[in-house]
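Notes for the structure review
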Amino acid sequence: MKKIFWTTFLALTVTLAACSAPTATPPPTTPQPASTPTGLVLTGGVVASAEAVPAMDTQMSFVLSAPVSEVFVKEGDVVTAGQPLVTIYSPDLELAVTSAELNLQAAELEFQYWIPARHDRPPERRKQAEAELEEAKAKLETAKVDFTQTTLVAPFDATVVDVKTQVGELAQAGQAVIVLGDLAHMQIKTTDLSERDVPAVQIGQTAKVYIEALDITVTGTVTQISPVSETVGGDVVYPVTIELDEQPDGLLWGMSAEVEIQTK
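Numbers given to residues run from 1 along each chain, matching the order in which its sequence is written. Local features in this predicted model are restricted to residues of pLDDT 70 or higher, and side-chain atom pairs are both shown and tallied only at a pLDDT of 80 or more, whereas totals for entire chains, interfaces and linings draw on every residue. With hydrogens and water set aside, each side-chain value is computed from the structure's full complement of heavy atoms.

**Observations concerning the pairing of strand β7 (residues 158-163)**
- We treat two strands as partners when DSSP finds at least two bridges between them. Put simply, DSSP marks the helices as runs of H or I at least four residues long and the strands as runs of E at least two long, and each gets a number from the N terminus on. Pairing geometry for strand β4 (residues 78-79) and β7, over two bridges, is antiparallel. Counted as the bridge partner of V78 is T159 from β7.
- When β7 meets strand β9 (residues 178-181), the two strands line up antiparallel, connected through four bridges. Along β9, the bridge assignment pairs V160 with L180.

Given below as structure tokens:
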């Protein structure tokens, strides 16, 4: 019984001592200046997140399904407008061109026969031969145009960003096989400029652009305001395009950015 009493007494004493001990006061902290997470020195303009995009880009596909016969480029190649990129094998279209060429040769020979003016060669037959010749020429041009569907050519000077096929594979109609981008002329496009802020934005306004990956700030000008909204996370936004005054080294497609558009 005495043992229990003394144990209880000691526990109560320790508890009272702990309660009566002075509480340590933490040392005062020095307030830190607020940092700008975007890296921009804001001046009261409209601020939005953005990303770097090519001035022009395209995903190229064939209009018909056929096996790939040749791939002339690889990822990273720089191509010029009109340069062949990929071809597919379509014997039907190739045969149509050959057939049209033979028909044109026959029509030309027929027309040459009826050209000399003779009493046994009536002029109306010469006119008919001439009409047949023109028709043969038109059919050949049509066949050649159809045959161009077997070759994809670069629509503008660009860099090959992705090659999605190889020789022997079946290229499906409408399925992208080549991705091109004009990486020499990058632009900045906003991704979350709200419908509340877009009325203050106008083409020609200047902007500051902070490229996060490069940790630099560059300048540019608003060149395009989308007339059609997009929905991002439930918010209505309007993409705005900014053309850079000078493209910094190392700027890549998809890099994140923060922009401030000077609206005043």
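**A word on the environment of G250**
- Tracing the backbone through its elements, the reader meets G250 in the loop between β15 (240-244) and β16 (256-261).
- Once the C-alpha coordinates of G250 and A213 are considered, the two residues, 37 residues apart in sequence, prove to be 9.2 Å apart.

**Some thoughts on helix α2 (residues 91-114)**
- Expected span of a helix: the number of residues minus one, times 1.5 Å. For α2, with 24 residues, the first-to-last C-alpha span of 35 Å sits near the 34 Å given by 1.5 Å per residue.
- Residues L93, V97, A100, L104, A107, F111 and W114 constitute the buried set of α2.
- On its buried face, α2 sits against α3 (123-147). Relative accessible area decides the class of each residue, using a 1.4 Å probe on protein chains only: under 20% of the type maximum gives buried, over 50% gives exposed, and in between gives partly exposed. Between two residues, a contact is recorded if the distance between any of their heavy atoms is within 4.5 Å.

**Notes on the side chain of S226**
- Mapped onto the elements of the fold, S226 is located in the loop between β12 (216-225) and β13 (230-232).
- Classification of S226 as buried rests on a relative accessible area of 18%.
- Within polar-contact distance, the side chain of S226 engages the backbone oxygen of V228 at 2.8 Å. Pairs of N or O atoms within 3.5 Å make up the polar contacts considered here, provided that, within protein, one atom can donate a hydrogen while the other can accept it, and that residues adjacent in sequence are counted only when both atoms are side-chain atoms.

**Quick notes on α3**
- Between its first and last C-alpha, α3 extends 36 Å over 25 residues, near the 36 Å set by a 1.5 Å rise per residue.
- Within α3 the residues assigned to the buried category are A129, L133, A136, L140 and A143.

**Here's the deal with the nonpolar core**
- Counting 22 residues, the largest nonpolar core has I188, V209 and I242 as its most contacted members.
- At the level of elements, β1 (46-54), β10 (186-190), β11 (206-211), β12, β15 and β16 are the ones that each hand at least two residues to this core.
- The element contributing the most residues to this core is β1, with four residues.
- Counting 20 residues, the second-largest nonpolar core is a separate cluster that includes F62, L64, L85 and V86. In these notes, a set of buried Ala, Val, Leu, Ile, Met, Phe, Trp, Tyr and Cys residues joined through side-chain atoms within 4.5 Å is what counts as a nonpolar core.

**Quick look at the confidence of the model for the chain**
- In this model, the chain carries an average pLDDT of 87, and 84% of its residues clear a pLDDT of 70 or more.
- pLDDT gives the predictor's per-residue confidence on a scale running from 0 to 100. A low-confidence stretch, residues 1-25 (pLDDT under 50), is modelled with zero contacts involving residues beyond four sequence positions or located in other chains.
- Predicted confidence is poor over residues 27-37, with pLDDT under 50, and the contacts of this stretch with residues over four places away or in other chains come to one contact.

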